[in-house]
Amino acid sequence: MLGVIASAGGLVFQPAVLITMLLALPIGIVIGLLPGLSGITAIAFLIPFSYGMEPLTGLAFLLAAYAAVSQGGSITAILLGVPGEVPNAATVIDGYQLTKRGHGGAAIGAALMASALGGLFGCVVLAFLLPVMQPVILSFASPENFFLSLAGVSFIAVLGATSPVRGLVAGMLGIFLSLFGYDPVEGVPRFWMGFEYLLDGFRLVPLALGLFALPEILTLMTTGRSIAQPGKVEPITYRQVAEGALAVFKHLGIFFRSSVLGTLIGIMPGVGGSTAPFVAYAAARQTAENPDTFGQGRIEGVIAPEASSNAKEGGALVPTLSLGIPGSSSMALLLGAFLIFGLQPGPDFLKKHMDIAIALAWIVAFANVASSFGMFLLSRTLTYVTRVPGRVLAPILLAIIVIGSYSTDNSVADVFFAFVFGTLGVVMERYQYNRAALLLGFVLGSTIERNYHVSMAAYGASFVLRPVSIGIIAIALILILWPNRKRVALLWRRA
Amino acid sequence: MLWNQCSRRVIRRGLLTAALAGGLAVSAYALPAAAEDAGGFLKGQTVRIFVGYSAGGGYDDYARMLGPLFEKKTGATVVVENRPGGGGLTALNQLVREKPDGLTMIMLNGEAAIMGQITNRPGVAYDITKVTNLGRVAKEEHFVLANSKVPDNAKDLIAYGKTKEIKFSATSRPDVLSDYAAVFCETFDLKCKIITGYKGSKEAGLAVMNGEVDAIAISDGSGNKIAQTGKAKVVATLSHNRSPYKADLPTIYDQFKIPPEKKWLMDFRVDIADYGRAIVAPPGMPADKAKYLQKVWKEILTDPAVIEQGKKTERDIDYAPPEALDKTSRELLQSLPADKRKQVDEIILQKFS
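Residues numbered from 1 in each chain as written. Chains lettered and ligands numbered in written order. Predicted model: local features only at pLDDT ≥ 70, side-chain atom pairs only at ≥ 80, totals over all residues.

Enquirer: Honestly, the overall build of chain A in this entry has me stumped. Any pointers?
Expert: Along the backbone of chain A there are 21 helices and 2 strands. A total of 495 residues make up chain A; the buried ones form 61% of that total. (Helix = DSSP H or I, 4+ residues; strand = E, 2+ residues; numbered from the N terminus. Buried ≥ 20, exposed ≤ 12 C-beta atoms within 10 Å, placed from the backbone.)

Enquirer: Is there a simple way to think about the overall build of chain B in this case?
Expert: A tally of helices and strands in chain B yields 14 helices and 10 strands. Put simply, 77% of the contacts in chain B that link residues at least 6 apart link residues at least 24 apart. (Contact = placed C-beta atoms within 7 Å.)

Enquirer: Can you walk me through the domain arrangement of chain B in this structure?
Expert: A common way to express how large an interface is: the accessible area buried when the components associate. Residues and elements named next belong to chain B. One can read the domain layout of chain B as domain 1 (40–139 + 274–340) and domain 2 (142–272). Between domain 1 and domain 2, the C-alpha centre-to-centre distance is 27 Å. Each partner contributes residues to the interface: domain 1 has 10 residues there, and domain 2 has 7 residues. Put simply, the parts of the chain that give the side of domain 1 that touches domain 2 at least two residues each are α4 (110–118) and α13 (322–334). (Domains from an automatic or database assignment.)

Enquirer: Even after reading the chapter, I still don't get the packing of helix α12 (residues 252–267) of chain A against helix α14 (residues 300–323) of chain A, so can you show me in this structure?
Expert: The relative placement of two packed helices comes down to the angle between their axes together with the axis-to-axis distance. The interhelical angle for the contact between α12(A) and α14(A), taken along N-to-C directions, is 35°, at an axis separation of 6 Å. Between α12(A) and α14(A) lies a crossing of right-handed hand. (Axes fitted to C-alpha atoms, helices over the stretch in contact; angles between N-to-C directions. Left-handed = near helix turned anticlockwise from the far one by under 90°.)

Enquirer: What is the right way to look at the nonpolar core in this model?
Expert: Within soluble globular proteins, side chains that are nonpolar tend to cluster in buried spots. Leu62(A), Leu63(A), Ala64(A), Ala110(A), Ile303(A) and Ile363(A) are the most contacted members of the largest nonpolar core, which totals 154 residues. Looking at which element gives the most residues to this core, the answer is helix α4 (residues 55–80) of chain A, with 17 residues. Apart from residues no more than four positions distant in its own chain, Ala64(A) is found in contact with Met21(A), Ala24(A), Leu25(A), Gly28(A), Ile363(A) and Ala367(A). In terms of nonpolar packing, the next biggest core, distinct from the first, is built from 96 residues, Tyr62(B), Phe70(B), Ala182(B) and Ala273(B) among them. (Core = buried A, V, L, I, M, F, W, Y, C linked by C-beta atoms within 7 Å.)

Enquirer: Any chance you could explain the environment of Val426(A) here in plain terms?
Expert: Residue and element names in this part refer to chain A. For Val-426, the position within the fold is in helix α18 (residues 412–430). Residue classification places Val-426 among the partly exposed positions, given that 18 C-beta atoms sit within 10 Å. Considering only alpha carbons, one finds Val-426 and Leu-211, 215 residues apart in sequence, at a separation of 7.7 Å. What Val-426 contacts, discounting residues up to four positions off in sequence, is Leu-214, Pro-215 and Leu-218.

Enquirer: Just checking my understanding: could you explain the environment of Glu203(B) for this structure?
Expert: Residues and elements named next belong to chain B. Secondary-structure assignment places Glu-203 in helix α7 (residues 201–209). The class of Glu-203 is buried, set by 20 C-beta atoms lying within 10 Å. Sequence separation of Glu-203 and Thr-171 is 32 residues, and the distance between their C-alpha atoms is 8.7 Å.

Enquirer: Whenever I open this one, the confidence of the model for chain A confuses me. Can you help?
Expert: Do not read the fine detail of predicted coordinates wherever pLDDT is low. Taken over all residues, the pLDDT of chain A has a mean of 81, while the share at 70 or more is 90%. The least confident element of chain A, judged by mean pLDDT, is helix α15 (residues 329–340) of chain A at 70; the most confident is α18(A) at 92. (pLDDT = per-residue confidence, 0-100.)

Enquirer: Any chance you could explain the packing of helix α2 (residues 15–33) of chain A against α4(A) here in plain terms?
Expert: Residue and element names in this part refer to chain A. Between α2 and α4, the least distance of the axes is 6 Å, while the angle of their chain directions is 30°. As summarised for this structure, α2 and α4 are arranged roughly parallel, according to the angle between their axes. At the point where α2 passes α4, the crossing takes the right-handed sense. In the contact of α2 with α4, the residues fall into 20 nonpolar, 9 polar and no charged. (Parallel < 35°, antiparallel > 145°, perpendicular 65-115°, else oblique. Nonpolar A, V, L, I, M, F, W, Y, C, P; charged D, E, K, R; others polar.)

Enquirer: What exactly am I supposed to notice about the sheet that holds strand β2 (residues 77–82) of chain B here?
Expert: Note: strands within a sheet are paired through backbone hydrogen bonds, in either parallel or antiparallel orientation. All names here are of chain B. Read from one edge of the open sheet, 5 strands run β2-β1-β3-β10-β4, paired in mixed fashion. Strands with a single pairing partner mark the edges of an open sheet, and in this sheet they are β2 and β4 (132–138). Sheet twist, expressed as the mean angle between neighbouring strand axes with direction ignored, is 25°. By the bridge criterion, 6 bridges tie strand β1 (residues 46–51) to β2 in an arrangement that is parallel. Each bridged residue has a counterpart across the sheet, and for Ile-49 the counterpart in β2 is Val-80. Where α4 meets the sheet, it contacts β3 (104–109) and β10 (277–281), and its direction lies at approximately 80° from that of β3. Of the strands in this sheet, β4 and β10 are in contact with α13, which crosses β4 at around 100°. (Pairing = 2+ DSSP bridges.)

Enquirer: Would you explain α7(B) in this entry?
Expert: The periodicity of an α-helix, 3.6 residues per turn, causes residues three or four positions apart to be oriented the same way. Counting buried residues along α7(B), 9 of its 9 residues qualify, which places the element largely inside the surrounding structure. Of the positions making up α7(B), those classed as buried are Ser201(B), Lys202(B), Glu203(B), Ala204(B), Gly205(B), Leu206(B), Ala207(B), Val208(B) and Met209(B). Residues of α7(B) that are buried make contact with α7 (134–138) of chain A together with β5 (142–146), β6 (166–169), α6 (176–187), β8 (215–219) and α8 (220–228) of chain B. Phi for Gly211(B), located one or two positions after α7(B), is positive at around 85°.

Enquirer: Would you mind going over the environment of Phe180(A) with me for this structure?
Expert: All names here are of chain A. Here Phe-180 is to be found in the loop between α9 (164–178) and β1 (181–182). The class of Phe-180 is partly exposed, set by 18 C-beta atoms lying within 10 Å. Between the C-alpha atom of Phe-180 and that of Met-193, which follows or precedes it by 13 residues, the distance is 9.8 Å. Beyond its immediate stretch of four places on either side in the chain, Phe-180 contacts Arg-190, Phe-191, Leu-198, Gly-201 and Phe-202.

Enquirer: I'm lost on unusual backbone geometry in this one. Help?
Expert: Residues apart from glycine generally show negative phi values, whereas peptide bonds are mostly found in trans. Residue and element names in this part refer to chain B. The step from Arg-173 to Pro-174 runs through a cis peptide bond, and the omega angle for that step is 0°. Relative to the helices and strands, Pro-174 resides in the loop between β6 and α6. Even without being glycine, Asp-189 reaches a positive phi, approximately 55°. You can see Asp-189 is positioned in the loop between α6 and β7 (192–195).

Enquirer: What should I look at first to understand the pairing of β8(B) in this one?
Expert: When a strand is regular, its side chains alternate between the sheet's two faces. All names here are of chain B. Judged by how many residues are buried, β8 sits mostly within the fold: 5 of 5 residues are covered. Two elements, β5 and β8, share 5 bridges in a ladder whose sense is antiparallel. Paired with Phe-143 across the strands is Ile-218, a residue of β8.

Enquirer: Is there a simple way to explain the confidence of the model for chain B in this structure?
Expert: All names here are of chain B. Mean pLDDT over chain B stands at 85; residues scoring 70 or higher make up 89%. Ignoring residues within four places in sequence, the model shows residues 1–7, a span with pLDDT below 50, making 0 contacts including any to other chains. Overall fold confidence for the complex sits at a pTM of 0.77, while the interface term, ipTM, reaches 0.74.

Enquirer: What is the right way to look at the pairing of β6(B) in this model?
Expert: All names here are of chain B. Here β6 shows two buried faces, one formed by Ile-166 and Phe-168 and the other by Lys-167 and Ser-169. Bridge count for β6 against β7 is 4 bridges, and the pairing is parallel. Across the sheet, the residue bridging to Phe-168 is Ile-194, located in β7. Crossover β6 to β7 through α6 is right-handed. (Right-handed = clockwise from strand over helix to strand, strands pointing away.)

Set out below in structure tokens:
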């Protein structure tokens, strides 16, 4: 094994591979900074440029850009309150509040360090578990996916901050919106009202951009103020960013727990990586002192989701490489890239190309660290965005949002619905309903429906008695009840 | 003044005459050139190839692999546009509304398109018999795979299924996985349950590997990958021809004598596969443009170097001419009697739920 790891290192530290990665990193960062574009966009955009490259060089090119995208997405989540990708929505909750209080630099520092180390963690786990992971992956089936997704929804009540009821309502609305379009089980369209666009339901990118970005743009336009509130502004320095980075080491327990959660969830191919940051955030909140202060600008609320978000990518590579089953939507695209390079992920791949598999883990780790360092250098400049007057920043952001919405599927309808959801976002913000909860409900809705149906059809009602499922239910209940554990214990003793 | 008016009139007429003569000369020069260069309408133009799925999937790979070859042959610039939705059929709805000027095509999932039309799937707004077929790119045979919970050969599996339920995985109904499973079960009168709801064929394949279901009916390429994990075995080839992935396994037709009252159903579904992945253009294309495009695609898809490149990247090329596709779609859609169409609907969409 050590020989394979050394061989993998030798493959990675070749000039062609390193130079290619360094070329890809800025592209990934730029794509991540642009709202509406995601890691999938980066891979799809760069695949044609990788034709003709050697396999490892080409894969390094794609993976490096992909790893860098999430760093850019964290920055927009913290500085603008607009998640670059769905997982970044959990970072918005506390990250944006920190920015409004003038601590955007610290939030960025914490996010970058947590991302870099979380990505490293995921890759180390990947490297050691790859040879033995197949039986673990195969033990996760539809019931486990159902319960994990349901646990994510139950955490929506937690994410409702001061009002669990409003959090639940927002989550249920998100699930309702996910019902539009083709029923994932029977293939019959629901609520499409004769509009071809709605055959596939609402699209995630217009929903996320509209829900999060447009209310903020409206605030900027009407108040004319900058994002960072006047009177709470500190000089922006690298020192502030560095202090945020060091905060990760002051909260090592949160970091490790979040990284483990992210890696585990990433390994499960049926769940999708979006839930990992929210589960990690909820775990951090529930186990912290003064959990009610989450949502008002706690640094732990940035560390937890960012660590898990990057750790999950190492986890997602596990089923992708060991079974040829993509651990996330982006990995599905990457599988196509493997074929272009003449490589076929699966058990055979690990037997013949274990060194390439480990080299890919090295590449993701290096890309995480390098892109974090690159963003660190840009952080001070980027944080100045929060000081730009609203009447200048708002039109620029509006243009970017419109382009971002349109660019997903080249559809004007996406832009229209971005404004529809923007209106909804304004109303939700006004009446203090949690927008992240709606987004999570929307993302998880079809997964819950799909996995519930399959579980009932394949196992009958006894699917709830599977050992791993019982474990997930137990952990979810503990997490939800933990802040009230003394009251629960008292009730138990009285009973 | 009169002289000025006259001279102006003369000059004007002279200029008009000269312009007319010049125009005739230019067109006289251009016409033979246009007649010789049938593909001139494409040079310097942008050609769009729609793909009804997100980037990175099989259809996208084919379009991006073949696009540069089309550019080389025609001088056009090819742009692949991903237009996911409706199981790949929204893009076809959009294609048939485009102008038939040769500048828009689609890399089509022909099987899904035909099944969608036959089963009157909501949202279908095309008639596959009217599109301009330009050539088939690839065709897949289909396997039935089973895991260790059930017998691993066709004969024993069929005997098993007469008395015990076999669970198949699929994404939804209709889709390729559920269609073939339903047809297989109906043909041999098996007790089956088709469990829909899996996100994609890979997730459906994982369900066979982890024992959540017993079997899957899937394309031979994907089935071969599942079989390589050792968690499932290829049991039958549902096709008229043996699969290159399992050349030693006789087809279902070679293994069993299927009675005529069931054979029509298996033939019907297997024949739809003949349409395969195809390059298609909007209906009503002028004959000369259609002929030129069909010629270009034939040259690309029968080029040994292209076929070899496809093999290397597991994107096999299996060309069939447009006339064959026309015949397939018309025969399947127009020749099926009403009572058989009703049976197809019931078996494909409802039975074995």
